[in-house]
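# Fold and contact review
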Amino acid sequence: MPRTFQAFCQRTPKCQRKFKTLWEKAELLDLFWELKSNATVAHHYGVNESTIRYIKKNKAAIRSTVSVCFCDSAKKVTTVRNKNIVRVESALVLWITDCRKNIPLDGNIIREKARKLYQQFTTGDNTEGIEEPQPGPSTAPEPENFQASKGWFDRFQKLFNIKSVYLHGEAASASKEAVEKYPETFRHIIEEKGYKPEQVFNIDETGLFWKKMLSRTYIMKDEAKAPGFKAQKDRVTLIMCGNSAGYMMKPGLIYKSANPKALKNKNKNLLPVYWMQNPKAWITKILTSNWFHQCFIPQAKEYLHYLGMDFKVLLIMDNAGGHPLDLYYDGVQIKFLPANTTSLIQPMDQGVICAFKALYTRNSLQHLVDAMDTDENFTLKGYWRNFTIATCLSVIQAALKEMKKETLKACWKKLWPECVHDYKGFSPEEIQHEAVDKAMRLAKILGGEGFDDITQDEVNNLIDAHSEPLTNEDLLELTKSASEEEEEALKVNNSIDAAIQTYKTLLTTMKKQRQQLSITMFLSKSKH
């Protein structure tokens, strides 16, 4: 072998340049609160000080872009981008996630939706609070030039890890075929591992507009005229999980705030839900993993230990974007349902969630009637103004207590018919019908505009509204409200920075003045 070629083979490979995502850069900026100096932070991250100085120089643009982008799966975002494009893409991912289970999508539909969102986000009053595009290598085109091209769509798919968006023709037929075949596959899994109904769980998440009321009431009409965020748009995400024996776990709840005022000084471990936070109150892979390890595993262990059964669990979930594929825990087997079948065979989607929402609607009206009976100064507007997330939790707790084991069992009929019997009076449809009837009676007790002449269809529409696809207005509110919260936090951080700077300057001055004294100052000549 020639010496030159041998030397070439033994040469140390060139170090690859490391790119940090915007989220990593934001975390790096947060680290300055603790480690302070450029050198210390650079050493902590293993990068050059010049990199740290560059990130600090662009901190406003970095935080501004991160504030409107929610998707933690977008790992390749390394540069500051046009805020309007980032906001559209965030809203688009929310919409795709919301539609994926029930509504056929393809590339053309998604691109058309992107164009409409961009137009709505960048015209009229909707531009309020949106800053100008930030400079950077990947700055997006101006509004009039954004056409949601195929090239943009391809990049969007890679950026947000969207692998499958088609459900037309053969794909739709394939999903029907999968629905017919999967129960047999499921039975083989059960028989092979010897799972009992108590050991087989299903998880699904759903949105809940927890302050939504009948649109004909004057409260909602007043809110429709009010500027800014509407109370009926305030949304939480619930993670519902139960087994085929009829046991319902404490649900996970994702809210936009980590510590709302209504829950101040309250022990979150004692809440009827497992509390989690996301600026958009949306499910993410990190939150799913958090729920799995901190909520599902402890509850499953406690439940099976109480029954004297081995910790051997089968967890069924769909392949939604917020569900990580690498969840693992010893003793737990995770199986994903075939694509595009969740609305047809997933137990939680076969009536559990709908029955819960019907009970939530009825109990929210019951709570309102109880308040009217006990408060001498009761006004409907005053009550609704004070309907906080703490009130919502009490209504959720009441609804969960009324969920019957037989109702949960009945929802496994399509996936595991062998473990389901005929539970007359407890089917999800019967539970919803009963809840709607009582809701109508409670509404008539309340009286007034929108309540006196309430119909069954209107109550059913109110319940169904929780499951309807997000509208452009919903997406606007979700992205706008999260952006404003993050930007407000940024303002607070900046003001604290400014306040601390005075003390930093004072400390530096004191250090300069405090010079080491010469040892000769403590010595004096002795007299003989």
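## Description of the overall build of the protein chain
- Along the protein chain, the regular secondary structure elements total 19 helices and 6 strands.
- Buried positions account for 47% of the 528 residues belonging to the protein chain.
- Excluding contacts between residues fewer than 6 apart, the proportion of contacts in the protein chain whose partners are at least 24 apart in sequence is 71%.

## Some thoughts on the pattern of salt bridges
- Here the structure, examined in full by the defined rule, presents 7 salt bridges.
- Notably, a salt bridge pairs Arg-115 with Glu-112, separated by 3.0 Å at the nearest N-O pair. Separated by 3 residues within a single helix, Arg-115 and Glu-112 lie in helix 7 (residues 107-121), roughly one turn from each other.
- Here Glu-112 falls in the partly exposed class, since its relative accessible area comes to 33%.
- A salt bridge links Arg-362 to Glu-402, with the shortest nitrogen-to-oxygen separation between them at 2.2 Å. One end of the pair, Arg-362, is in helix 13 (residues 352-374); the other, Glu-402, is in the loop between helix 15 (389-401) and helix 16 (405-410), with 40 residues separating them in the sequence.
- Relative accessible area serves as the criterion here: at 8%, Arg-362 is assigned to the buried category.

## Brief notes about the pairing of strand 3 (residues 252-255)
- The alternating pattern of strand 3 places Gly-252 and Ile-254 on one face and Leu-253 and Tyr-255 on the opposite face, and all of these are buried.
- With 3 bridges joining them, strand 2 (residues 235-243) and strand 3 adopt antiparallel strand pairing. Paired with Leu-238 across the strands is Leu-253, a residue of strand 3.

## Side note on the packing of helix 7 against helix 8 (residues 150-159)
- With their axes 11 Å apart at the nearest point, helix 7 and helix 8 run at an angle of 100° to one another. Accordingly, the angle class assigned to the pair helix 7 and helix 8 is roughly perpendicular. Residues Gly-107, Ile-110, Arg-111 and Ala-114 of helix 7 lie in contact with helix 8, whose contacting residues are Lys-150, Trp-152, Phe-153 and Phe-156.
- For the contact of helix 7 with helix 8, the class distribution of residues is 5 nonpolar, 1 polar and 2 charged.

## Some thoughts on the packing of aromatic side chains
- Counted under the stated rule, the structure contains 18 aromatic pairs.
- Ring geometry for Trp-152 and Phe-156: centres 5.2 Å apart, planes at 15°, overall stacked. Of this pair, Trp-152 and Phe-156 both sit in helix 8, 4 residues apart, which is roughly one turn of the helix. Across the pair, Phe-156 and Trp-152 agree in class, each one buried.
- Between Phe-201 and Tyr-303, the ring centres sit 6.4 Å apart and the planes meet at 80°, which makes this aromatic pair edge-to-face. Highlighted residues: Phe-201 in strand 1 (residues 200-209) and Tyr-303 in helix 11 (residues 285-306), separated in sequence by 102 residues.

## Side note on the environment of Leu-359
- With respect to the helices and strands, Leu-359 occurs in helix 13.
- Once the C-alpha coordinates of Leu-359 and Ile-463 are considered, the two residues, 104 residues apart in sequence, prove to be 9.4 Å apart.
- Contact partners of Leu-359, with chain neighbours within four places excluded, come to Ala-399, Glu-402, Met-403, Ile-431 and Ala-435.

## A short note on the environment of Lys-285
- Mapped onto the elements of the fold, Lys-285 is located in helix 11.
- Given the relative accessible area of 29%, Lys-285 is considered partly exposed.
- Remark: the alpha-carbon pair of Lys-285 and Gly-322, spanning 37 residues in sequence, is separated by 4.6 Å.

## Side note on unusual backbone geometry
- The phi dihedral of Ala-148 is positive, around 50°, even though this residue is not glycine.
- Within the secondary structure layout, Ala-148 lies in the loop between helix 7 and helix 8.
- Look at Ala-148 and you get buried, because its relative accessible area is 1%.
- A positive phi is found at Asn-265, a non-glycine position, where the angle reads about 65°.
- Here Asn-265 is to be found in the loop between strand 3 and strand 4 (274-277).
- Accessibility expressed as a relative area gives 78% for Asn-265, which makes it exposed.

## Comments concerning the side chain of Arg-362
- Within polar-contact distance, the side chain of Arg-362 engages the side chain of Glu-402 at 2.2 Å.
- When residues no more than four places from it in sequence are discounted, the contact partners of Arg-362 are Glu-402, Ala-435, Lys-438, Ala-439 and Leu-442.

## Remarks on the confidence of the model for the protein chain
- Confidence in the prediction of the protein chain, expressed as mean pLDDT, is 77, and 68% of residues score 70 or more.
- The model gives residues 72-78 a pLDDT under 50, and that stretch makes 21 contacts with residues more than four places away or in other chains.
- In this model, residues 124-143 is a region of pLDDT below 50 whose contacts with residues beyond four sequence positions or in other chains number 38 contacts.

## What to know about the sheet that holds strand 6 (residues 332-336)
- Across the sheet, which stays open at both edges, the 6 strands sit in the order 4-3-2-1-5-6 with mixed pairing between neighbours. Of all the strands in the sheet, just strand 4 and strand 6 have a single pairing partner and so form its edges. Taking each pair of neighbouring strands and ignoring which way they run, the sheet shows an average axis angle of 25°.
- With 4 bridges joining them, strand 3 and strand 4 adopt parallel strand pairing. Each bridged residue has a counterpart across the sheet, and for Gly-252 the counterpart in strand 4 is Tyr-274.

## Comments concerning the packing of helix 6 (residues 83-99) against helix 8
- Contact pair helix 6 / helix 8: the axes reach a minimum separation of 12 Å and the direction vectors enclose 70°. In terms of orientation, helix 6 and helix 8 fall into the roughly perpendicular class. In terms of crossing hand, the pair formed by helix 6 and helix 8 is right-handed. Residues Glu-89, Leu-92, Val-93 and Ile-96 of helix 6 lie in contact with helix 8, whose contacting residues are Trp-152, Phe-156 and Leu-159.
- Across the contact of helix 6 with helix 8, the residue classes break down as 6 nonpolar, no polar and 1 charged.

## Regarding helix 11
- Compared with the 32 Å implied by 1.5 Å per residue over 22 residues, the 30 Å span of helix 11 between its first and last C-alpha is a close match.
- Turning to helix 11, its buried residues number three or more, namely Leu-287, Thr-288, Trp-291, Phe-292, Cys-295, Phe-296, Ile-297, Gln-299, Ala-300, Tyr-303 and Leu-304.
- Looking at the buried side of helix 11, the elements it contacts are strand 1, strand 2, strand 3, strand 4, strand 5 (313-317) and strand 6.
- Backbone geometry just downstream of helix 11 places Gly-308 in the positive-phi region, at approximately 75°.

Cut-off values and rules
Residues numbered from 1 in each chain as written. Predicted model: local features only at pLDDT ≥ 70, side-chain atom pairs only at ≥ 80, totals over all residues. Heavy atoms only, no water. Helix = DSSP H or I, 4+ residues; strand = E, 2+ residues; numbered from the N terminus. Buried < 20%, exposed > 50% of the residue type's maximum accessible area, 1.4 Å probe, protein only. Contact = heavy atoms within 4.5 Å. Salt bridge = Lys/Arg side-chain N within 4 Å of Asp/Glu carboxyl O. Pairing = 2+ DSSP bridges. Axes fitted to C-alpha atoms, helices over the stretch in contact; angles between N-to-C directions. Parallel < 35°, antiparallel > 145°, perpendicular 65-115°, else oblique. Nonpolar A, V, L, I, M, F, W, Y, C, P; charged D, E, K, R; others polar. Phe/Tyr/Trp six-rings, centres within 6.5 Å; stacked < 30°, edge-to-face > 60°. Polar contact = N/O pair within 3.5 Å; in protein donor to acceptor, adjacent residues only side chain to side chain. pLDDT = per-residue confidence, 0-100. Left-handed = near helix turned anticlockwise from the far one by under 90°. Expected span 1.5 Å × (residues − 1).

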